[in-house]
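# Summary of structural features
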Amino acid sequence: MEITYASSSSRNLVDSAEPTTTTKTNNRPVKVIRLQQPYFASSTDSSTSSPLFSVSMISKWREKAKRMSFVEWIEVFLPCLRWIRTYKWREYFQIDLMAGITVGIMLVPQAMSYAKLAGLHPIYGLYSGFVPIFVYAIFGSSRQLAIGPVALVSLLVSNVLGGIADSRDKLYTELAILLALMVGIFECVMGLLRLGWLIRFISHAVISGFTTSSAIIIALSQAKYFLGYDITRSSKIVPLIKSIVAGVDKFLWPPFVMGSIILAILLVMKHLGKTRKYLRFLRAAGPLTGVVLGTVFVKMFHPSSISLVGEIPQGLPKFSIPKEFQHVKSLIPTALLITGVAILESVGIAKALAAKNGYELDSNQELFGLGVANICGSFFSAYPSTGSFSRSAVNHESGAKTGLSGIVMGIIMTCALLFLTPLFREIPQCALAAIVISAVMGLVDYDEAIFLWRVNKKDFLLWTITAITTLFFGIEIGVIVGELGFVAVLGRLPGTTVYRNIQQYPEAYTYNGIVIVRIDAPIYFANISFIKDRVVACHLVTRLREFEVTTDGSTKRGPEVERIYFVILEMAPVTYVDSSAVQALKDLHQEYKLRDIQIAISNPNREVLLTLAKAGLMELIGKEWYFVRIHDAVQVCLQYVANAKGSAETVKHSFDRKPSLSQKFQAQLGDNTSSPELAPGDNDSLTSRDIEIVEDRRDERHPSFLRRLLKLHAQDEASSQSEPLLSREV
């Protein structure tokens with residue numbers, strides 16, 4: 001049995017090159033478009049037709065590899081060549097130099113602090129910020145990411161190694177170095193096998209709850225330097241609190257007062273650096289200021305009750321092969337967990353910074369670069385390193401343009417190892433503890449908990465369970481696994497107002513300046529990164545990165561413009577969105593806003609629409625950019641594109657003015673030929689329901705807007721059950 005699609009909106013049909021027929025139903029001409037059956041091609045026509053998606057992933061990679069030039073192949077393994085070949089010395093060098101110096105000064109005290117958190121001598125923090133930085137500058141693909149020791153990885157190292165050996169033993173240090181080698185190998189393997197997508201199965205709520213509890217544990221673990229007595233080393237809150245209470249009779253007030261004062265100074269400098277642009281340098285100068293103040297005080301008064309860092313070896317680390325391989329089996333779970341943290345921290349912030357700076361970043365290539373950096377670092381006495389949120393943010397805010405800023409950071413660390421280690425001898429340990437605490441306080445994400453409670457109670461429960469589990473049972477927690485979602489690019493079937501997948505219907509045409517994307521699954525934590533990557537890929541070029549769709553002039557309609565102005569998200573198949581999806585849609589809106597691209601949303605169901613409204617996405621995107629039908633969204637967007645033809649600034653100003661839908665539809669009705677090259681069906685008259693929407697949206701602050709839109713959705717659902725087969729897709 002052959003299934004066909006029919007549309008009553010096809011008047012004045014023109015002949016099509018594709019096999020179509022025209023019949024009459026109720027005395028009205030109806031165009032019938034034959035359904036292609038990609039999965040059940042008969043043997044008789046197998047030579048002329050190929051199934052959809054018949055090309056395997058391996059075949060796609062092979063074809064892509066054949067198209068790559070010699071230079072592109074080198075850039076795969078040495079991404080630094082991408083910015084080296086186009087480096088603008090006069091424009092970039094001074095900016096990269098200042099950014100590298102700023103973050104390098106910030107890294108030196110932080111590296112020593114995080115090494116202490118990991119249970120290691122401070123010199124190993126400096127080693128971890130030396131070789132890995134230079135290696136990552138060559139093999140890493142991010143131009144703003146600052147790698148080195150970080151608090152969360154340091155806590156993981158301390159947690160697992162504390163149960164194997166005493167931190168004062170040589171075995172402890174050897175195991176930390178071996179762990180760097182194992183983490184590097186795992187990262188390289190995941191990058192080469194393109195397995196970076198696995199981390200997408202971790203919910204945003206899980207990540208937030210995990211980092212919040214980890215920050216509390218990290219802060220409590222540093223309390224011993226404030227209190228003046230030793231406490232139990234643990235990654236659980238109960239043993240830490242018991243140990244603090246049990247030793248309260250040994251409390252010393254000098255380190256507590258000094259540590260508290262330095263912590264207050266750091267927090268004030270960080271706040272001023274974030275809130276006032278002209279004081280931005282204070283955020284990076286905070287750690288150095290705390291160390292200098294503490295050291296000067298010790299030099300002047302020589303307090304015996306304040307513990308100092310002590311002797312630090314001078315000179316660069318020597319090459320050595322990691323040892324103690326008999327402990328590899330016991331270290332595998334921690335190495336995998338640190339690899340996951342590396343993906344969350346490094347790849348997450350690297351992709352965000354790449355979007356802000358206008359270049360693309362491959363997460364798998366990024367993983368490979370991090371892996372090589374850790375492997376090489378392990379041969380020079382480094383423990384696991386990864387990308388830092390705080391230092392990367394400072395690097396970006398300082399204006400870093402390329403990886404040269406990372407090389408400058410490495411040079412600063414080299415100078416510190418060669419010439420400055422004698423000065424580090426009298427640094428108070430409470431000053432280093434204050435640096436750690438000030439860094440992790442930003443990870444306590446109570447705002448996220450409030451947001452989840454308001455938007456999605458299930459995600460709030462997940463956040464709470466994760467946080468409690470991490471606090472009371474340790475940081476090795478499980479995560480929930482779900483299914484991936486799928487995304488399709490839509491085009492309009494000739495002579496209809498029906499929009500379908502352009503891969504399934506090659507005769508469907510698209511519009512210049514507009515990309516229509518349909519999301520074919522619920523959007524939640526397990527698939528949101530997968531979906532977001534593909535939606536972002538859709539607007540870049542006509543040859544899409546994931547879909548490999550090739551279009552020519554015959555499949556494009558509308559004004560000829562040079563870039564994309566609109567991305568329309570068809571959300572009819574989306575039955576559910578969670579807080580991770582809401583956050584990702586906000587990030588997507590922000591990313592498109594930076595590129596002067598407007599998002600429009602078509603036909604979300606009642607539950608999805610309510611969630612988006614609660615989360616503030618209705619106001620963020622703009623109520624005038626929500627539509628019941630794809631065709632309505634296309635018509636409005638075409639008006640903007642037509643006005644923007646020949647002037648990119650026109651659209652930017654039109655966004656600011658935010659004209660109502662009624663004005664756009666009135667302009668369309670006033671001149672049906674205003675949009676060039678519109679196919680039959682574009683100029684259909686508005687129905688009473690469309691006019692009702694237009695009138696309700698004349699003032700976007702109208703209090704009944706949301707209620708009316710929800711009512712229309714209910715009417716659509718009720719009427720669709722009684723309507724004949726007009727545009728049903730199989």
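Analysis parameters
- Here the residue numbering is sequential within each chain, running from 1 through the sequence in written order.
- Local features in this predicted model are restricted to residues of pLDDT 70 or higher, and side-chain atom pairs are both shown and tallied only at a pLDDT of 80 or more, whereas totals for entire chains, interfaces and linings draw on every residue.
- Side-chain figures throughout are based on the complete set of non-hydrogen atoms in the structure, without hydrogens or water.
- UniProt positions are given in the numbering used here, feature names are shortened, and annotations may be inferred rather than shown by experiment.
- Burial here depends on accessible area, computed with a 1.4 Å probe over protein chains only, as a share of the maximum for the residue type. Under 20% is buried, over 50% is exposed, and the range in between is partly exposed.
- Here a strand is any run of E in DSSP of at least two residues, a helix any run of H or I of at least four, and the numbering for each starts at the N terminus.
- Strands are treated as partners if at least two bridges between them are detected by DSSP.
- Grid points spaced at 1 Å over the protein atoms alone were grouped into cavities, where a 1.4 Å probe fits but cannot get out, and pockets, open sets with protein on both sides within 12 Å along at least five of seven lines, with lining residues defined by an atom within 4 Å of a point.
- Grid points are joined across faces, edges and corners, and a volume is the space filled by probe spheres set on the points.
- Each residue is assigned to one class: nonpolar for Ala, Val, Leu, Ile, Met, Phe, Trp, Tyr, Cys and Pro, charged for Asp, Glu, Lys and Arg, and polar for all the others, Gly among them.
- Two cysteine sulfurs form what is called a disulfide whenever their separation falls within 2.5 Å.
- Two aromatic rings from Phe, Tyr or Trp, using only the six-membered ring of Trp, form a pair when their centres are within 6.5 Å; if the ring planes differ by under 30 degrees the pair is stacked, by over 60 it is edge-to-face, and anything between is tilted.
- We define the nonpolar core as a collection of buried residues of types Ala, Val, Leu, Ile, Met, Phe, Trp, Tyr and Cys that are connected through side-chain atoms lying within 4.5 Å of one another.
- The pLDDT score gives, residue by residue, the confidence of the prediction method on a 0 to 100 scale.
- The contact criterion used is simple: two residues touch if any of their non-hydrogen atoms lie within 4.5 Å.

In the annotation of an unreviewed UniProt entry, the entry for the protein chain reads STAS domain-containing protein, and the organism field reads Stephania japonica. We quote the UniProt Subcellular location (unreviewed entry) comment for the protein chain here in full: "Membrane".

Glancing now at the pairing of strand S9 (residues 514-519). Judged by how many residues are buried, S9 sits mostly within the fold: six of six residues are covered. Every second residue of S9 is oriented toward a common face, with Ile-514, Ile-516 and Arg-518 on one face and Val-515, Val-517 and Ile-519 on the other, all of them buried. Taken together, the four bridges between strand S6 (residues 487-492) and S9 define a ladder with antiparallel strand orientation. Considered in S9, the bridge of Val-487 is made with Ile-519. As paired strands, S9 and strand S11 (residues 566-570) are joined by five bridges and run parallel to one another. Among the inter-strand pairings, Val-517 is bridged to a residue of S11, identified as Leu-569.

Attention shifts here to helix H7 (residues 151-161). In terms of residue burial, H7 counts as a mostly covered element, since ten of its eleven residues are buried. All of the buried residues in H7 are Ala-151, Leu-152, Val-153, Ser-154, Leu-155, Leu-156, Val-157, Ser-158, Val-160 and Leu-161.

This next bit is on empty space enclosed by the protein. According to the stated counting rule, one finds six cavities of 30 Å³ or more in the structure shown. When its volume is computed, the largest cavity comes out at roughly 130 Å³. As for the largest cavity, its lining consists of 13 residues, and the residues nearest its centre are Met-106, Lys-270, Arg-283, Pro-287 and Ser-438. Of all the secondary structure elements, the ones that give two or more residues to the lining of the largest cavity are helix H4 (89-117), helix H12 (253-275), helix H13 (281-301) and helix H18 (429-440). Looking at the lining of the largest cavity element by element, the count peaks at four residues for H13. A per-class count over the lining of the largest cavity returns seven nonpolar, four polar and two charged. Within this model, the second largest cavity holds a volume of roughly 90 Å³. Contributing to the lining of the second largest cavity are Ile-133, Tyr-136, Ala-137, Ser-142, Arg-143, Leu-145, Ala-146, Ile-147, Gly-403, Ser-405, Gly-406 and Met-409.

On to the sheet that holds S9, then. An order of S7-S6-S9-S11-S12-S13 is seen for the six strands of this open sheet, with the pairing classed as mixed. A single partner strand is all that each edge strand has here, and the edge strands are strand S7 (499-501) and strand S13 (626-627). Judged from the three bridges that link them, S6 and S7 form a sheet pairing that is antiparallel. Of the residues in S7, the one forming a bridge with Leu-490 is Asn-501.

Bringing the pairing of S6 into the picture now. Taking burial as the measure, the six residues of S6 include six buried ones, the bulk of the element. Side-chain alternation along S6 places Val-487, Val-489 and Gly-491 on one buried face and Ala-488, Leu-490 and Arg-492 on a second face that is also buried. Taking the residues between adjacent antiparallel strands as the criterion, S6 and S7 are bridged by six residues, where Gly-495 takes a positive phi near 80°.

Let us look at the state of the cysteines. Working definition of a disulfide: a covalent bond connecting the sulfur atoms of two cysteines. What the rule picks out here adds up to zero disulfides. Residue Cys-376 stays outside any disulfide, its sulfur separated by 8.6 Å from that of Cys-188, the closest cysteine. The class of Cys-376 is partly exposed, set by a relative accessible area of 26%.

The subject of this paragraph is the packing of aromatic side chains. Summed over the entire model, instances satisfying the criterion amount to 15 aromatic pairs. On the basis of an interplanar angle of 65° and a centroid distance of 4.8 Å, the ring pair of Tyr-87 and Trp-89 is categorised as edge-to-face. Classification of Tyr-87 as buried rests on a relative accessible area of 11%. Taking the relative accessible area as the measure of exposure, Trp-89 reaches 57% and is therefore exposed.

Moving on, we come to the nonpolar core. By size, the foremost hydrophobic cluster in this structure holds 60 residues, and its most contacted members are Ile-514 and Trp-625. It is helix H25 (residues 630-644) that provides the largest number of residues to this core, a total of nine residues. Residues Ala-111, Tyr-136, Val-309 and Cys-430 belong to the second largest nonpolar core, which totals 54 residues.

Tracing the sequence through the fold places Arg-595 in the loop between helix H22 (579-594) and strand S12 (598-602). Under the relative-accessibility criterion, Arg-595 is labelled partly exposed at 26%. Remark: the alpha-carbon pair of Arg-595 and Lys-356, spanning 239 residues in sequence, is separated by 9.4 Å.

Taken residue by residue, the protein chain gives an average pLDDT of 75. The fraction at 70 or more is 72%. Of all the helices and strands in the protein chain, helix H28 (residues 688-696) carries the lowest mean pLDDT, 37, while helix H5 (residues 122-128) carries the highest, 94. Within the model, the stretch residues 477-485 combines pLDDT values under 50 with 25 contacts to residues more than four positions away or in other chains.

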